[in-house]
Amino acid sequence: MSVAPVTVARVTDLSLSELVTGTVVAPGDDDWDSARRFHSGIGEPTMVVRASSVDDVRGALRYAAAERLDVMVRGGGHSAWGAVPGGLTLDLGALDDIRIDGDVVHVGGGVTWGAVAHELSQHGLGVSSGDTASVGVGGLTLGGGIGWMVRAWGLAADQLVGAQLVTARGDVLEVSDDSHADLMWALRGGGGNFGVVTRFDFRAHELRAVVFATLAVTGDARPVLAAVRDTLRDAPRELTVTYMDVPAMDPNAPAGASITACWIGDDEDAARAALAPLLALEGVTETELAVRSYPDILMEMPAADPDQPMPGFVGGNTLLRELSDDAIARLVGFREANAASVLFLRSLGGAFGEVAQESTAFPARNATWFAMAGAFDVPGLVHDGNRPLIQAEWDAIEGLGEALYGNFTPSTDPGLVSRMYTPETMARLAAIKREWDPQNLFCRNHNVVPA
Ligand SMILES: Cc1cc2nc3c(=O)[nH]c(=O)nc-3n(C[C@H](O)[C@H](O)[C@H](O)COP(=O)(O)OP(=O)(O)OC[C@H]3O[C@@H](n4cnc5c(N)ncnc54)[C@H](O)[C@@H]3O)c2cc1C
C-alpha cells in the first residue's frame, strides 16, 4: 500500500497530538485499516482521531477548523458519510458511558443501541430506538430514529430531553428545552449539523418485555396490505408492524413476504387480540409469536466485507400521510416488476403523530406509514439501461409522500436534503447553522448549509 505523508500541521503552535490525548491514526499506522473502517466499507479520510474525552473532541475540532478539514463525526458508523474521501474522522467509540439516573438515561456520543437496550433491560426500562443493535445512538437520534416503539413512545429523538454538545467553536453546551432551545429543536431531527453530541439524555419508559411476532404472507399482497392499514388505523399504539418483501439474499434467507409485529409490553393476550384481524386474513400465517426481551429482538447486522461492498440501491423512501390503495398498488407493482428489489413498510401514527410538527425538526408528523423500496444494483440484475427507468418509477411513488427520511437515505447527494424538510424548517435549520457552525465544519451529513 502506498502511504501518503501526513502533514504535521500547527494550530497556534500546537500539534494534534498535543491537542488530544486519545489516539490519532494516520495512513501508514498499523491500525489504519481498522480505524478508517465503517459499517459498509473502508474510507479514505486524511486522519482518524479516536476521542477519549470531551476535551479531545474540542482539540480535534480546533485542529480541523484551523486546518480547514471537514469533520466526519462517527457514532455507530452506519451512514454512508464514511465513504467520502479526505477530512478528519472523529471517532466517538470510546465515549461509551451509559448511566441511569431515575427515568433518565445518559448515553455517551459513541454508544450503539444494542448496548443501551441491554443496560436498560437490566432495570426494566426501554427507550424508543432503531431495530439494529450495532447502529449508533448518535446518527439515528439526530436524524429522528424510527423503530418498534415509534407508535407507543414516538421517535428516538422524541425521548431526547437534553444533550452535551461541543460546538464548532469548541464551546461545551448543556442543551435542553430550557437552555439553547433552538439547538434542542434542531438536534431532534436536523442531523449532525450543529456540533458533536458527547452525551445524550433520554427519558426512559418502563419496559419488562415485548411480544414479537412474524407472520408469513403468500399470494397477492395488495388486499393484505389494505387490511393491515385498516387494522392499524384503530389499533392500540402498543402495536407496530412492518411489512417486508425481499428477494432471495442467500441460501439461508429465501425470497418472501412477511409481517413482523411488535407489541410494547408483555401482555401476550392483548397482543394476540390486536393481531387477530391480521391472523384471520387469507394468505397470512403465524410463524412466531412469543414474549421476548427487547435487546433480544434487535437485529445483528454484520459489517460489510470490504472486498465485497454492498450493492447500491436504486429507489428511495418516503413518509406517507396515507397508505392509499393507489400507493399500495404502486409499491407492490414496483416490487413485482423488479426481481432484485425489496419493499419495506412500517406503521407510524400513535405517539409519533401526536408531537406537534413545529416542536421538532423532524418532517411529516402527519405520516401514518413509512415506505422504502429499491432494486439492489447488482450487475446482471439491474442493467445500465433500466436503472433510470427504475429510479423514475420510484420517484413517481415518492411523489405521493410528504418527505424523504434522511436516515434511510444512504446517498451523499447534497441535492436530497431539500426533500427532507419543508422550506420553513430548512430556513430555520439554516439560520441555526449560521449561528453555530458558520464555517460548515460539520458538513459530512445531510448538510444544512449556513444561511
Ligand atoms: C443496518 C442498518 C439498520 C438501520 N436501522 C434503522 C432503524 O431501524 N431505524 C432508523 O431510523 N434508522 C435505521 N438505520 C439508519 C441509521 O439511522 C442511519 O444510518 C444513521 O445515520 C446511523 O447512525 P450511526 O451513528 O451509526 O452512523 P454514523 O455514520 O456514525 O453517523 C451518521 C451521521 O450522524 C452524525 N453523528 C453521529 N453521531 C454523532 C454525535 N454523537 N454527535 C454529532 N453527530 C453525530 C454525523 O453527522 C454522521 O455523519 C439503519 C442503518 C443501517 C445501516
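Rules used in this analysis
Residues numbered from 1 in each chain as written. Predicted model: local features only at pLDDT ≥ 70, side-chain atom pairs only at ≥ 80, totals over all residues. Helix = DSSP H or I, 4+ residues; strand = E, 2+ residues; numbered from the N terminus. Expected span 1.5 Å × (residues − 1). Buried ≥ 20, exposed ≤ 12 C-beta atoms within 10 Å, placed from the backbone. Pairing = 2+ DSSP bridges. Axes fitted to C-alpha atoms, helices over the stretch in contact; angles between N-to-C directions. Core = buried A, V, L, I, M, F, W, Y, C linked by C-beta atoms within 7 Å. Contact = placed C-beta atoms within 7 Å. pLDDT = per-residue confidence, 0-100. Domains from an automatic or database assignment.

## Remarks on helix 3 (residues 54–67)
Working step 1: Here helix 3 spans 20 Å end to end across 14 residues, near enough to the 20 Å set by a 1.5 Å rise per residue.
Working step 2: Those residues of helix 3 that sit buried are Asp56, Val57, Arg58, Gly59, Ala60, Leu61, Tyr63 and Ala64.
Working step 3: The positive-phi residue at the C-terminal boundary of helix 3 is Arg68, with phi of around 55°.

## So, unusual backbone geometry
Working step 1: A positive phi angle, near 55°, is found at Arg68, a position not held by glycine.
Working step 2: Relative to the helices and strands, Arg68 resides in the loop between helix 3 and strand 5 (71–74).
Working step 3: Here the phi dihedral of Ala364 falls at roughly 55°; this positive angle occurs in a residue that is not glycine.

## Some points on the sheet that holds strand 11 (residues 172–176)
Working step 1: Spatial ordering of the open sheet is given by 7-8-12-10-11, a layout of five strands whose pairing is antiparallel. In this open sheet, the two strands that pair with only one neighbour each are strand 7 (98–101) and strand 11. Adjacent strand axes in the sheet meet at a mean angle of 15°, parallel and antiparallel pairs treated alike.
Working step 2: Two elements, strand 10 (residues 160–166) and strand 12 (residues 196–203), share six bridges in a ladder whose sense is antiparallel. Of the residues in strand 12, the one forming a bridge with Leu160 is Phe202.

## Focus on the nonpolar core
Working step 1: Core analysis: the largest hydrophobic core is formed by 135 residues, its most contacted members being Ala60, Val71, Leu90, Leu187 and Phe370.
Working step 2: Counting residues per element, this core draws most heavily on strand 20 (residues 369–377), at seven residues.
Working step 3: Filtering out sequence-adjacent residues up to four positions away, Ala60 remains in contact with Leu19, Val20, Val49, Ala51, Leu88 and Leu90.

## Regarding the confidence of the model for the protein
Working step 1: For the protein, per-residue confidence averages 93 on the pLDDT scale, and 96% of positions sit at 70 or higher.
Working step 2: Within the model, the stretch residues 1–8 combines pLDDT values under 50 with seven contacts to residues more than four positions away or in other chains.

## Concerning the domain arrangement of the protein
Many descriptions give the size of an interface as the accessible area lost when the pieces come together.
Working step 1: Structurally, the protein comprises domain 1 (16–91), domain 2 (98–206) and domain 3 (210–414).
Working step 2: With centres defined by C-alpha atoms, the gap from domain 2 to domain 3 works out at 24 Å.
Working step 3: Counting from both sides, the interface comprises 31 residues of domain 2 and, opposite them, 28 residues of domain 3.
Working step 4: Secondary structure elements with two or more residues in the side of domain 2 that touches domain 3: helix 4 (113–121), helix 5 (137–143), helix 6 (150–153) and helix 7 (181–187).
Working step 5: With five residues, the single largest contributor to the side of domain 2 that touches domain 3 is helix 4.

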